[in-house]
Structures are given as C-alpha cells and as structure tokens.
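What follows is each chain in one-letter form.
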Amino acid sequence: MSISCANIKRTQSNGNLDFINSEISQWREEIPSKFTYEDSQNSIILFGGLTILQDKLLMSAVKSMKEQYIALPNPDFDSFRTGKAYGNRGQCNPTYFTVGNLVKYLLEVQKNSGMSAEEIVQKYVYVTASGCGPCRFGMYITEYRKALNDAGFKGFRLMSFEHNRVTNTEGEDTLQFPPSFFIRPVKAAMAGDILTLLTHQMRPYEVEVGAVDRAMQDCYDILSVALENRKSLTLALYRCRQVLKRVKLNRLTPKPKVMIIGEFWAAMTEGEGNYNLHRFLESEGAEVIPQPIMNRLLLSMWEYMYFEDQKSGLSTDSGTGYLDFSTPKRKILMGLFRTAFKVQFALYAKMIGLSGYKLPDIEKLARLGKEYFPLDVDGGEGHMEVSHLLESLKHKLSHMVISVKPFGCMPSSAISDGIQSLVVSRYPEANFLSIETSGEGAANFYSRVQMALFKAKQAAKEEFESLEMVESVSEKAHDFSYAPKSDKTGTAAKLLDALKISR
Ligand code: SF4
C-alpha cells in the first residue's frame, strides 16, 4: 500500500506546485466507474508510450474507427519531473516518464482550455498496456491512479489491456476490445517498426544531412493517409519505396554498428527517456540497430506458449477475458497467429525494400540463452537481453552492444546484468556496455557511451581496411534495399566483401 504525498498540492490559480504542510494520509486505491460503449462515443481516448512515429501511426489507424483518439506527445524531462512530484518514491524510470506524461498533458489541457478537473475527468480516458509480473509493470495502473488523484483528477478513467492477453478485465458492462480491434493498430505498429529500422540503416550514410528524415516524413504521410482511409498498407509501403530510392547514400563509409538492447521502454524510446541515445550514437558516427516493438509482442507470445507447456497436466483457470488462450485449441491459434504475424511483417518489409532483416525466432534465442538465464524467470525482457548479446557475439551482428536499463529496474539491472557479467567473462572480445538511465546525469551517460564507442570505431575501421576497394564501385553499394550477404559486421565491410570490390 502506498502513502500519498498529500503534502504536495497544486493551487487552482496558477497550476504550479506548492508545498503545503498538510497531514500525510493513507492512500487507498479506488477503482472508478466502468467505461461503456456509450462513454466511448462521448470521450477522448488518450494513449501513448511507443516511439513518436509509432504513436502517430497508431493514431491514424484508430482514427479510422471513428472514436476520438489522441496520442500523447513524447515524454520529456518535464514529464519525468511531474511523475516524480506526483508518483510514489522508488519507482522505475519509465513509470515516472509515462505517468508524468499523462499528468502533465492533463494539466496543460486544464490550463489552456479553462476546463475544470471534473470536466476533464468526464471527457478524457487513458488506455495503456498493463500486465501481471514480478516487476513494477503490474503496478502501473495503480501508479497512474495515485498520481492523477494527487494532481486533482480524482476518478479519472484508465483502461488497460494486458500485454500477454487480448482482454480488458474490468467486468461485463465494460467496453471490450474485440481481437479485430487490434488488427489495424498492430499493422500500423509493424509499418512503424519497418520505417524505424530503415531510418537507422540509412541515416548514418545520407549524403545530404536531413534527407532521410524528410523522406521518412513523406513516408509517414503516405502511410497515415492509407491508415485513415482504410486503404492497402502494402501498396502504401511500395509507394514509400519510391520515395526512399531518391535519397542519396554513401554506404562505403566504415561505421561501427551498435545494437541497443535492454528494458523495453528504455531501449525503444527516442527522447529524453534514454537521453536521445539513438541520435547521440549517430552523431558520434555509429550505425544503430534498434529493437523493433514487434520483438516484444513475439516475446509475449513465446512466454504464453512456454508457460502453458509448464502448466500442462495441471488444472488451469480458464480465464474470464474476451479471448484467453488457455486451451490447447487456443494454443494452436496462437501458433497460427504468430506465423501470420511474421508473414505479414516479411511482406511489408519486402514491399518497402527492407532486405536482410527477419524478426527474431524467440525459441531459438531462448535455446541460446538458457545456459545462462533460467527461462522460468519472466518479467521485463526475460531471457532476451542475455540472448541478444550472445546472438550478436556468435553471429558478429554488431561491434558493440549497449543495454539500457532504467534506474530501479529489477529484471534488467538486478537479473540480466548479473548474468551478463558471466557472458562477458566467457567472451572477452565482447564490447558490452550496460548503462542506467536515471533521468538525470546525462553527461556521465554520454561519456561512458563515448568511451565504449571508441573501441567499436577502431574495430569497424580495422575490419574495413582489411578489405580491398576500387575507385569506381557498383551502384548496388548505395542502394538502400540491397542487403549484402557476408560474415563481416559493418555495412561498408559487408558491401566490399559481398561485391568483391578490389582496390
Ligand atoms: S521491466 Fe523494469 S523498468 Fe520496466 S516496468 Fe519492470 S521494473 Fe520497471
């Protein structure tokens, strides 16, 4: 049970935080009234928490379903500070950023529109993922309620769907999301992943600064129009390919490849939640390998299948959700869903020209990691952090691996990192950096990244210089959709090796 910071009050007049010595009282969670279909027609539904691009594409996807959805802006330091002011002590970093982002947004709406807190509570609803787990993820909804309550939005409605079950569990008269509801948003997130992967493959090699970002903005416009008008995303992605083809690249510049892994939100967010790590690495001359959001969905599917297998023979709760996967038939359904999911991703990737990238085989990664990481331990990214590092080392996927963990994250800092030290001791060649984001201390964060990057740059340069090159090179080398087949690591070295270009 949490203790409310009842001594922090916001004055009605200016919306600033004033510290008042009022009494500290026991805080008890009250679950506000249900959210029905009728409510959904009269409310604005807020959501957020993925990358900026993905949130925007999701908004376009759900807009086509008529209800009013708004994606929250990317969380920044003000969100973090707001989260700290209204949240409980000792939370992990993503909690402060995401909870604070919602509170900050509502406070801004209140200030700019002149609406009262009661009107805002009636008008807005927030939908987010939640789950039951050994880490704080299972407590997110409670944290939202506590912070909203203390910020003056008592009774604010929150809806959640569990990340490993397609359901909303609040009761029969609650609005349910049928599985079909998720199809277009999942396709939008998939397209967002593909654009993100391509952005990181292309931007380090652009000849004209800003050309890739401009092309990606055009692609975003094409995709969002298709999503809003319920048109074919496959064709829209093909149109994006024509846009991307016009961007001039010089892919024969040796750059270190840096794989970013770690806690889902901290590794994925592109903003102050991880000190803009992706952009920072690029500005320091690296090519980044990001983790697609689809990996997290595939991990959730794998976890479901794995724990169902562990339970086989034991009596299981059949669940009360809209669609729970607790019977063997539904397990088959999950298998089919996973295959369809991968096929859809491969089709989209082919249409836009993302070559040589496959979604991970989580089972294979589990087999790789299980010597080090007990698979029965879930929470956070489970075995994935350890498996990704092993995969990168065994298949020479990157010159450096950075694992980003939020301050106070139990699965990532306490478990995965403990195990990573064993991995690194067995693979002394590993250039592995585990780094914590606390929302403060950016200078220390950047300096540690720069130190590890120096070694990665040397490795990329040596690999490149060990190969030969001619003055005139094949046009193929600069085609964004050409994925060279080679066992080298860096993009430039792979191209030289695959095209057998000689000096
Ligand atoms: S995995 Fe870590 S950072 Fe993410 S919710 Fe759990 S404790 Fe927090």
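Residues numbered from 1 in each chain as written. Predicted model: local features only at pLDDT ≥ 70, side-chain atom pairs only at ≥ 80, totals over all residues. Heavy atoms only, no water.

Draft legend 1. Layout of the site of the ligand. In the region of the ligand, the neighbouring residues are C92, P94, C135, R136, F137, Y140, E263, G380, P406, C409, M410 and P411. Classifying every residue of the shell around the ligand gives 9 nonpolar, 1 polar and 2 charged. Both domain 1 (8-177) and domain 3 (254-292 + 360-465) contribute no fewer than three residues apiece to the shell around the ligand. (Near = heavy atom within 4 Å. Nonpolar A, V, L, I, M, F, W, Y, C, P; charged D, E, K, R; others polar. Domains from an automatic or database assignment.)

Draft legend 2. Layout of a nonpolar patch on the surface. On the surface, I332, L333 and L336 cluster together into a nonpolar patch covering about 310 Å² of accessible area. Examined against the element boundaries, L336 turns out to sit in helix α13 (residues 328-352). Given the relative accessible area of 54%, L336 is considered exposed. (Patch = residues over 30% accessible without salt bridge, like charges linked within 9 Å, V, L, I, M, F, W, Y side chains within 5 Å. Areas by Shrake-Rupley, 256 points an atom, 1.4 Å probe, with all protein chains shown as cover. Salt bridge = Lys/Arg side-chain N within 4 Å of Asp/Glu carboxyl O. Helix = DSSP H or I, 4+ residues; strand = E, 2+ residues; numbered from the N terminus. Buried < 20%, exposed > 50% of the residue type's maximum accessible area, 1.4 Å probe, protein only.)

Draft legend 3. Spatial organisation of the pairing of strand β9 (residues 400-406). Extensive coverage of β9 is indicated by the burial of 7 of its 7 residues. Where burial is concerned, the two faces of β9 agree: the one with M400, I402, V404 and P406 and the one with V401, S403 and K405 are both buried. Relative to β9, strand β7 (residues 257-262) is paired through 5 bridges, and the arrangement is parallel. Among the inter-strand pairings, M259 is bridged to a residue of β9, identified as V401. (Pairing = 2+ DSSP bridges.)

Draft legend 4. Summary view of the nonpolar core. With 71 residues, the main nonpolar core has L198, M202, L223, L244 and I352 as its most contacted residues. If you tally residues by element for this core, the top one is helix α8 (residues 211-228), at 10 residues. Setting aside anything within four residues of it in sequence, one finds L244 in contact with L198, M202, A215, M216, C219, I352 and F480. (Core = buried A, V, L, I, M, F, W, Y, C linked by side-chain atoms within 4.5 Å. Contact = heavy atoms within 4.5 Å.)

Draft legend 5. Local environment of helix α18 (residues 491-499). Within α18, 7 of the 9 residues are buried, leaving the element largely enclosed by the surrounding structure. Every buried residue of α18 is listed here: T491, A492, A493, K494, L495, L496 and D497. The elements touched by buried residues of α18 are β7, β8 (287-289) and α17 (442-465). Backbone geometry just after α18 places K500 at a positive phi near 50°.

Draft legend 6. Seen up close, the packing of helix α2 (residues 52-63) against helix α7 (residues 183-202). Put simply, α2 and α7 touch, their axes get as near as 8 Å, and they point 150° apart. Classified by the interaxial angle, the pair formed by α2 and α7 is roughly antiparallel. In terms of crossing hand, the pair formed by α2 and α7 is right-handed. Each of L53, Q54, L57, L58, A61 and V62 in α2 lies in contact with α7, whose residues at this interface are R184, P185, A188, A189, A191, G192, D193, L195 and T196. When the residues that make up the contact of α2 with α7 are grouped by side-chain class, the tally is 10 nonpolar, 3 polar and 2 charged. (Axes fitted to C-alpha atoms, helices over the stretch in contact; angles between N-to-C directions. Parallel < 35°, antiparallel > 145°, perpendicular 65-115°, else oblique. Left-handed = near helix turned anticlockwise from the far one by under 90°.)

Draft legend 7. Molecular detail of the environment of M410. Among the structural elements, M410 can be located in helix α16 (residues 410-426). M410 sits in the partly exposed class, given a relative accessible area of 36%. The sequence separation of M410 and G380 amounts to 30 residues, and the corresponding C-alpha distance is 8.1 Å.

Draft legend 8. Representation of unusual backbone geometry within the structure. Its identity as a non-glycine residue notwithstanding, R230 has a phi of 55°, on the positive side. Turning to its location among the elements, R230 is positioned in the loop between α8 and α9 (233-245). With a phi angle near 50°, N276 is a residue other than glycine that sits in the positive phi range. Note on placement: N276 falls in the loop between α10 (264-268) and α11 (277-283).

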